[in-house]
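# Coordinate analysis (summary)
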Amino acid sequence: MNILVANDDGIKARGIHELVNALSEVATVYVCAPESQRSASGHGITVLKPITVEEVEFENAAFALQISGTPADCVKIGKRMLEKKGIEIDMVFSGINHGGNLGTDTLYSGTVSAAVEGALLGVPSAAVSVNSHEAEHFEYACELAVEAVKKAYGKMDAKTVLNINTPNLPKEEIKGLRFTTLGPREYVEVFVPVETEDGKTGYMYTGEPVFYDDLPETVDVVADQQGYASITPLHSDLTDYKLVKEISEWRIGK
């Protein structure tokens, strides 16, 4: 089996090295990752300037590239360059992200978007995250990634993304695993004024996540709040099917 691994924290981040090391025990691993931090870049791709591509050494990877593009670029370019070498990718993994990708944050996430790009290219994919920007505990996230290869491959279709999130805790302190749906992910948001290099005033976005006490345990953000890991199956179709017939009765444009 051939696995392509990307991320949004950059090719030097600890998380991607932990993931590649784990997956190399069950597959041949290839890497294509951004040369620098690209968090919260969503599903952006580079279209107005060239993307630089450089082959690099990467422990436990059969072949690795660092590029100047986005996480989605990494999967798009990586898959095609490997195809030119006669290598077909069986799964795409993105991560391990330093920080959770829960609820509506998945819409902003470069990590999730890299996995979604894999699905758009017809490859079953997974995004893996540890819910702390100061992530230290990758063991259980790695274990779940390997389990996904062993037990989900061949059962999930090419349009599916498994969104795996674990608390930043030692494995023995994590209460268990829940299979979940996406929930809301709101923040007490703050835009902090800072002076830029050219003397102008800029604003840095920050905030603390809202704690929910009125949502079911089947929601991913609640699972995390309660000390559980979660796996949420995602797909790229954002259509509200319940509303399709109703909006035809609104007579818009008639």
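Residues numbered from 1 in each chain as written. Predicted model: local features only at pLDDT ≥ 70, side-chain atom pairs only at ≥ 80, totals over all residues. Heavy atoms only, no water.

### Here's the deal with helix α2 (residues 71-84)
Since one α-helical turn is 3.6 residues long, residues separated by three or four positions face the same way. A rise of 1.5 Å per residue sets the reference length of α2, with its 14 residues, at 20 Å; its end C-alpha atoms lie 20 Å apart and thus fit the reference within 8%. Along α2, the residues classified as buried are Pro71, Ala72, Asp73, Cys74, Val75, Ile77, Gly78, Lys79 and Leu82. In the core, the buried residues of α2 are packed alongside β1 (2-6), β2 (28-34), β3 (53-55), β4 (63-67), β5 (91-98) and α3 (110-120). Positioned one or two residues after α2, Gly86 has a phi angle of 80 degrees, which is positive. (Helix = DSSP H or I, 4+ residues; strand = E, 2+ residues; numbered from the N terminus. Expected span 1.5 Å × (residues − 1). Buried < 20%, exposed > 50% of the residue type's maximum accessible area, 1.4 Å probe, protein only. Contact = heavy atoms within 4.5 Å.)

### Brief notes about a nonpolar patch on the surface
There is a patch of nonpolar side chains on the surface, built from Val190, Val192, Val194 and Met204 and spanning about 300 Å² of accessible area. With 3 residues, strand β9 (residues 187-195) is the largest single contributor of residues to the nonpolar patch. Within the secondary structure, Val190 sits in strand β9. For Val190, a relative accessible area of 38% puts it in the partly exposed group. (Patch = residues over 30% accessible without salt bridge, like charges linked within 9 Å, V, L, I, M, F, W, Y side chains within 5 Å. Areas by Shrake-Rupley, 256 points an atom, 1.4 Å probe, with all protein chains shown as cover. Salt bridge = Lys/Arg side-chain N within 4 Å of Asp/Glu carboxyl O.)

### Re the pairing of β2
Taking burial as the measure, the 7 residues of β2 include 6 buried ones, the bulk of the element. The pairing of β1 with β2 spans 4 bridges and is parallel. Residue pairing for β2: Val5 is matched across the bridge by Val31. Taking the sense of rotation as the criterion, the β-α-β connection linking β1, helix α1 (residues 14-23) and β2 turns out right-handed. As judged from the 5 bridges shared by β2 and β4, these two strands associate in the parallel manner. (Pairing = 2+ DSSP bridges. Right-handed = clockwise from strand over helix to strand, strands pointing away.)

### Some words on the nonpolar core
With 38 residues, the main nonpolar core has Val5, Leu23, Val31 and Phe93 as its most contacted residues. Secondary structure elements with two or more residues in this core: β1, α1, β2, β5, β6 (125-130), α4 (139-151), β7 (161-166) and β11 (229-234). It is α4 that provides the largest number of residues to this core, a total of 8 residues. Residues within four places of Val31 in sequence aside, it is in contact with Leu4, Val5, Ile11, Ile16, Val20, Phe58, Ala61, Phe63, Ala64 and Leu65. (Core = buried A, V, L, I, M, F, W, Y, C linked by side-chain atoms within 4.5 Å.)

### A short note on the pattern of salt bridges
Should their charged atoms come close, side chains of opposite charge can pair. Going through the model one piece at a time under the given rule, you end up with 8 salt bridges. For Lys79, the salt bridge identified is with Glu83, shortest N-O distance 2.4 Å. Taken together, the residues span about one helical turn, with Lys79 and Glu83 both in helix α2 at a distance of 4 residues. Accessibility expressed as a relative area gives 12% for Lys79, which makes it buried.

### As for the sheet that holds β7
Here we have 9 strands laid out as an open sheet, ordered β3-β4-β2-β1-β5-β6-β7-β11-β8, and mixed in their pairing. For this open sheet the edge positions go to β3 and β8 (177-179), each flanked by a neighbour on one side alone. Averaged over all pairs of adjacent strands, the angle between their axes in this sheet comes to 20 degrees, without regard to strand direction. Pairing analysis gives 4 bridges linking β1 to β5, with the strands arranged parallel. Directly across from Ala6, in β5, lies its bridge partner Ser94. Along the sheet, α3 makes contact with β1, β5, β6, β7 and β11, crossing β6 at roughly 170 degrees. (Axes fitted to C-alpha atoms, helices over the stretch in contact; angles between N-to-C directions.)

### Section: unusual backbone geometry
For the bond from Gly95 to Ile96, the omega torsion is -5 degrees, close enough to zero to count as cis. Considering the arrangement of structural elements, one finds Ile96 in strand β5. Phi is positive for Asn60, close to 75 degrees, though the residue is something other than glycine. Structurally, Asn60 can be placed in the loop between β3 and β4.

### Overview of the environment of Gly95
Of note, Gly95 is situated in strand β5. By relative accessible area, which is 0% here, Gly95 ends up buried. Between the C-alpha atoms of Gly95 and Gly42, which are 53 residues apart in sequence, the distance is 14 Å. Residue contacts for Gly95: discarding those within four places in its chain leaves Val5, Ala6, Asn7, Gly15, Ile16, Leu19, Thr111 and Val128.

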